[in-house]
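A structural walkthrough
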Amino acid sequence: MAVLVTGGAGYIGSQMVHELLDAGERVVVLDDLSTGFRWAVPEKVHFAGGEQALLTRLLREHAVDAVIHFAGIRCAIRCATIATILPIPAP
């Protein structure tokens, strides 16, 4: 199974990435590194830096079967601003 982990370079997301790899799953990480770290993602995992436009492409190119969402912004004002500028694409 291919699993997309959003926020996979953060503390919790990167732990899930390691668990999925240990379970033999194919993993794709989408993270804008605003609070995560590239070094937290294993080299054998496909890593895509955070533009919203990448989401549709990643889902198609990697035949993603499941998404585990750990990406988030703690500041509500920043989150609302980003959501206005970069709306989530329709499926």
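Structural data are supplied above this passage.
What comes next is a walk through the structure.

About the cut-offs
Residues numbered from 1 in each chain as written. Predicted model: local features only at pLDDT ≥ 70, side-chain atom pairs only at ≥ 80, totals over all residues. Heavy atoms only, no water. Helix = DSSP H or I, 4+ residues; strand = E, 2+ residues; numbered from the N terminus. Buried < 20%, exposed > 50% of the residue type's maximum accessible area, 1.4 Å probe, protein only. Contact = heavy atoms within 4.5 Å. Expected span 1.5 Å × (residues − 1). Arc of directions from axis to C-beta. Core = buried A, V, L, I, M, F, W, Y, C linked by side-chain atoms within 4.5 Å.

Description of the overall build of the protein chain
Secondary structure summary: the protein chain contains three helices and four strands in total. Listed N to C, the secondary structure of the protein chain is β-α-β-β-α-β-α in terms of helices and strands. Counting across all 91 residues of the protein chain, residues that qualify as buried make up 32%. For the protein chain, contacts bridging at least 24 residues in sequence account for 55% of all contacts bridging at least 6.

What to know about helix α1 (residues 11-22)
In this model α1 runs 17 Å from its N-terminal to its C-terminal C-alpha over 12 residues, within 8% of the 16 Å that 1.5 Å per residue would give. When we look at burial in α1, the residues that qualify are Gly13, Ser14, Val17, Leu20 and Leu21. Down the axis of α1, the sector holding all buried residues measures 115°, keeping them to one side. Along α1, exposed side chains directed more than 90 degrees from the buried face belong to Tyr11, Ile12, Glu19 and Asp22. Immediately downstream of α1, the backbone of Gly24 shows phi near 85°, a positive value.

Focus: the environment of Val45
Tracing the backbone shows Val45 in the loop between β2 (26-31) and β3 (46-49). The sequence separation of Val45 and His18 amounts to 27 residues, and the corresponding C-alpha distance is 9.7 Å. Aside from chain neighbours lying at most four places away, what touches Val45 is Val17, Leu21, Val27, Val28 and Val29.

Structural notes on the nonpolar core
Generally speaking, nonpolar side chains in soluble globular proteins are found buried as a group. In this structure, Val3, Val5, Ala9, Val17, Leu20, Leu21, Val27, Val29, Val41 and Val45 together form the largest nonpolar core, which totals 10 residues. Listed by contribution, the elements that provide at least two residues to this core are β1 (2-6), α1 and β2. With three residues, the single largest contributor to this core is α1. Listed in part, the seven residues of the second largest apolar core include Leu4, Leu30, Ala48 and Val64.

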